[in-house]
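Geometric and topological summary
Given next are the chains, with one letter for each unit.
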Amino acid sequence: MSVPAIETRGLVKRFGNTAAVDGIDLHIPQGGIYGVLGPNGAGKTTAIRMLATLLRPDAGEAHVLGHDVFTEPKTIREKIALTGQFASLDEDLTGIENLMLLGKLLGYSTRDAKSRGVTLLEAFGLTDAAGRQVKKYSGGMRRRLDIAGSLIVTPQLMFLDEPTTGIDPRSRNQVWDIIRTLVAGGTTILLTTQHLEEADQLADRIAVIDTGKVIAEGTPGQLKAQVGTGALKVRVADPARREEAAEILSRTLMTEVIRESDSAALTVRLEDESRAASALIALQDSALAVETFALGQPSLDEVFLALTGHKTAHEADQGDAPAAQEEAA
Amino acid sequence: MTTTAQDQSQKIRSVLVPAEQRPAPAGAVSASLTYGWRALLKIKHIPEQLFDVTVFPIMMTVMFTYIFGGAIAGSVDGYVQWLIPGIFVQTMIMITMYTGLTLNRDISKGVFDRFRSLPTWRPAQLVGALLGDQIRYVLAGTIILIVGFVMGFRPEGGLTGVVMAFVLLLLFSFSLSWVWTVISLLVRTEQAAMGISMFIMMPLTFASNIFVDPETMPSWLQGAVEVNPVSVVVTAIRELMAGMGDFGSVTLVLVYCAVLIGVFGPVSMYFYNRKS
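Residues numbered from 1 in each chain as written. Chains lettered and ligands numbered in written order. Predicted model: local features only at pLDDT ≥ 70, side-chain atom pairs only at ≥ 80, totals over all residues.

So, the overall build of chain A
From N to C terminus, chain A includes 12 helices and 14 strands. In terms of its C-alpha atoms, chain A occupies a principal-axis envelope of roughly 75 × 45 × 35 Å. Relative to its full complement of 329 residues, chain A shows a buried share of 48%. Looking at chain A alone, contacts between residues at least 24 apart form 69% of all its contacts between residues at least 6 apart. (Helix = DSSP H or I, 4+ residues; strand = E, 2+ residues; numbered from the N terminus. Buried ≥ 20, exposed ≤ 12 C-beta atoms within 10 Å, placed from the backbone. Contact = placed C-beta atoms within 7 Å.)

This is how it looks when you write it as structure tokens:
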């Protein structure tokens, strides 16, 4: 475990005049899960593509498992696996054909590739779909097959680019379980996500990326301490009384109250979640009817607001952009 | 729910292959053949993509023979012996264009990111795609020859001459495909690839000896027609099919093939490796 899984210094990638990745320094030890958190177009995918030797950096240094991305890309490719943002599968082929294709490329004979494929499909609960074309798979099934494809031989380092984007919550939990299993098996995982909750659930350390730069780095605990542990969302029954509620919340919690665009909604960033109860009592004492009173993780937007002072406004003109359209569709 | 999750975790853990048990990655040849196998699987799943190599050749052969036959040679019967080898080359070359178009669509998909992250010889991804296309070319070529035969084409060179001509043309088609590969990697959309390919294709096929004897053309054009690789191929194919195979013309075709691969192969890989 002497060499770090990933070590970069001043990594830069430009597309035309815009720097998609603008000087990133990372030090990721082997073992565990490292989360890269950021909005669309922050440069997450570009960074991963450089580390997976798909894109040549324009400047800076990067070593993956001790190997230079410029001079030893082939050695790196022997040790990594990549699961892209959009399933890295051939949609026209069936599940078993996809795994056989990868198995044969990784050096198995046709027969061994097939039996390896059958074994993996079984373990991932995809046996029934083995002979179906991947384009007919659900989002969750696609993700599982995609990850199975990365496990034909066990990689030392696995890149997962937004592994739960566009899949339902139940499939998301399955994918999380799979990721935890892999880490227990000794693989290092670098995962990108747009959701603080996901990074918090899985990652040992998180780097927050915005416009191609790392703006914060640390354990989930450290980051949340910076941002506040949670967000209290309140929705009053009568929008006319929102101001009144805001004053009560601000007085009892002694912190800033954010007025949402929804004319009945308020959000408060909490340092200490236990004080939420006293706020609820204070609202009841003033006979203020409340429709919603919920404690939750701060959203990515709130994290950004706390870290940078600006919102995640740039639905960028870079490679990440289609994700937003796909999610909207 | 928790027990099933645990079951699944256990199952997944049990199927992980320890690093020391993994085989060595596929070599260049085996990787290329595997990508070729992928192309065949695609034909199996999407047989519609064979439309261009079945209907198009029939249309081309019948149309060009009957439209130009009378006008150029005075009679269709006499023209068929001369034209069919030319049509054979022209149609096949036009079909190679689709290789570039398909590749343009294919490469932009996520699966190519995964292919490129594998520890195999990178050109295999393109070589394999082109090898898979050989099946399409064989199908198209066979159809042209059958239609030609029905229309009265009787090659003097017999089966041997035809087979040798066929093999030579397949080799040339494979070599020429690298030109379209470069284009498909350079342009953003399929339409643009189509436009540029046509722009190259039209003079290449018409400023050649496919349809008419170059002696009827102005002298400056004759010079261009003579060095046109398509003319060189057509000449060699005509000779082979007529049973008058000439070592010189065949060698010249092989030289052209080597130059096409030698130039456009590395250029393709240059752009392929830098494709973002």
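Some thoughts on the pairing of strand β2 (residues 18-28) of chain A
Along any regular strand, the residues point their side chains to alternate faces of the sheet. Residue and element names in this part refer to chain A. The pairing of strand β1 (residues 6-15) with β2 spans eight bridges and is classified as antiparallel. Paired with R14 across the bridge in β2 is A19. In sequence, β1 turns back onto β2 through a hairpin of two residues, with G16 there showing a positive phi of about 65 degrees. (Pairing = 2+ DSSP bridges.)

Structural notes on helix α5 (residues 139-149) of chain A
Residue and element names in this part refer to chain A. In terms of residue burial, α5 counts as a mostly covered element, since nine of its 11 residues are buried. Taken together, the buried positions of α5 are M141, R142, R143, R144, L145, D146, I147, A148 and G149. If you follow the buried residues of α5, they end up packed against β6 (80-83), α3 (95-105), α4 (110-123) and α6 (169-184).

Side note on the confidence of the model for chain B
As a note on interpretation, predicted positions should not be read in detail where pLDDT is low. Considering every residue of chain B, the mean pLDDT works out to 87; 97% of them sit at 70 or more. Scored as a complex, the prediction yields pTM 0.81 and ipTM 0.84. (pLDDT = per-residue confidence, 0-100.)

Section: the sheet that holds strand β5 (residues 67-68) of chain A
Residues and elements named next belong to chain A. The strand order β2-β1-β4-β5 describes an open sheet built from four strands, whose pairing is antiparallel. At either margin of the open sheet sits one strand with a lone partner, and together these are β2 and β5. Two strands pair when backbone bridges link them, and strand β4 (residues 59-64) and β5 are joined in this way by two bridges, in the antiparallel orientation. Directly across from H63, in β5, lies its bridge partner D68.

Quick word on the sheet that holds strand β13 (residues 265-270) of chain A
Residues and elements named next belong to chain A. Taken together, four strands build an open sheet; the order of strands is β12-β13-β11-β14 and the sheet is antiparallel. Strands with a single pairing partner mark the edges of an open sheet, and in this sheet they are β12 (257-259) and β14 (290-296). On average, adjacent strands in this sheet sit at an angle of 20 degrees to one another, irrespective of strand direction. In terms of strand pairing, strand β11 (residues 230-236) meets β13 through six bridges, oriented antiparallel. Paired with A231 across the two strands is R269, which belongs to β13. Seen against the sheet, helix α9 (residues 242-253) touches β11, β12 and β13 and runs at an angle of roughly 10 degrees to β13. (Axes fitted to C-alpha atoms, helices over the stretch in contact; angles between N-to-C directions.)

Let's talk about the packing of helix α2 (residues 28-45) of chain B against helix α6 (residues 124-150) of chain B
All names here are of chain B. The interhelical angle for the contact between α2 and α6, taken along N-to-C directions, is 50 degrees, at an axis separation of 7 Å. Relative to α6, α2 is oriented oblique. Viewed along their axes, α2 and α6 form a crossing whose handedness is right-handed. On α6, the residues touching A28, A31, S32, L33, T34, Y35, G36, R38, A39, L40 and I43 of α2 are A124, Q125, V127, G128, A129, L131, G132, D133 and I135. Split into classes, the residues belonging to the contact of α2 with α6 amount to 12 nonpolar, six polar and two charged. (Parallel < 35°, antiparallel > 145°, perpendicular 65-115°, else oblique. Left-handed = near helix turned anticlockwise from the far one by under 90°. Nonpolar A, V, L, I, M, F, W, Y, C, P; charged D, E, K, R; others polar.)

What about the interface of chain A and chain B?
Many descriptions give the size of an interface as the accessible area lost when the pieces come together. Contact with chain A, which involves 37 residues of that partner, is made by 34 residues of chain B. Here the element with the most residues in the side of chain A that touches chain B is α3 of chain A; it accounts for four residues. Among the residues making up the side of chain A that touches chain B, the classes are represented as 18 nonpolar, 10 polar and nine charged.

Things to note about α6 of chain B
Taking 1.5 Å per residue as the helical rise, α6 of chain B with its 27 residues ought to reach 39 Å, and the 39 Å between its terminal C-alpha atoms agrees with that figure. G152 of chain B sits one or two positions beyond α6 of chain B and adopts a positive phi of about 110 degrees. (Expected span 1.5 Å × (residues − 1).)

Some details on the environment of D200 of chain A
Residue and element names in this part refer to chain A. Relative to the elements of secondary structure, D200 occurs in helix α7 (residues 196-202). Look at D200 and you get partly exposed, because 19 C-beta atoms sit within 10 Å. Each C-alpha atom, one on D200 and one on G35, is 8.6 Å from the other, the two residues being 165 residues apart in sequence. Not counting residues within four places of it along the chain, the set of residues in contact with D200 comprises P220 and Q297.

Details of the packing of α9 of chain A against helix α10 (residues 276-285) of chain A
Residue and element names in this part refer to chain A. In contact at an axis separation of 9 Å, α9 and α10 are set at 140 degrees when each is read in the N-to-C sense. Considered as vectors, α9 and α10 are oriented oblique to each other. Taken as a pair, α9 and α10 cross one another with a handedness that is right-handed. Contacts between α9 and α10 involve A245, I248, L249, T252 and L253 from the first element and S278, A279, A282 and L283 from the second. Residues of the contact of α9 with α10, tallied by class, amount to seven nonpolar, two polar and no charged.

Some thoughts on the nonpolar core
Residues L51 of chain A together with V89, L169, V233 and I237 of chain B are the most contacted members of the largest nonpolar core, which totals 140 residues. Tallying contributions element by element places helix α7 (residues 158-186) of chain B first for this core, with 14 residues. Beyond its immediate sequence surroundings of up to four residues, V233 of chain B is in contact with V89, L169, F172 and V253 of chain B. Core analysis: the next-biggest nonpolar cluster, separate from the first, contains 13 residues, L232, V236, V257 and A279 of chain A among them. (Core = buried A, V, L, I, M, F, W, Y, C linked by C-beta atoms within 7 Å.)

Considering the environment of I258 of chain A
When you line up the elements, I258 of chain A lands in strand β12. Those residues in contact with I258 of chain A that sit more than four places away from it in its chain are L266 and T267 of chain A.

Comments concerning the domain arrangement of chain A
On domain assignment, one finds that chain A holds domain 1 (6-225) and domain 2 (229-297). The C-alpha centroid of domain 2 of chain A is placed 39 Å from the C-alpha centroid of domain 1 of chain A. (Domains from an automatic or database assignment.)

A closer look at the confidence of the model for chain A
Scored by pLDDT, chain A has a mean of 85; 91% of the residues are at 70 or more. Residue range residues 313-329 of chain A is modelled with pLDDT below 50. Its contacts to residues more than four positions away, or to other chains, number 27 contacts.

Details of unusual backbone geometry
Excluding glycine, a negative phi dihedral is what most residues carry, and trans is how most peptide bonds are arranged. Residue and element names in this part refer to chain A. At E162, a residue that is not glycine, the phi angle is positive and equals roughly 45 degrees. Using a count of 23 C-beta atoms within 10 Å as the deciding quantity, one classes E162 as buried. Although it is not a glycine, T211 sits at a positive phi angle of roughly 40 degrees. Here T211 lies in the loop between β9 (205-210) and β10 (213-218).

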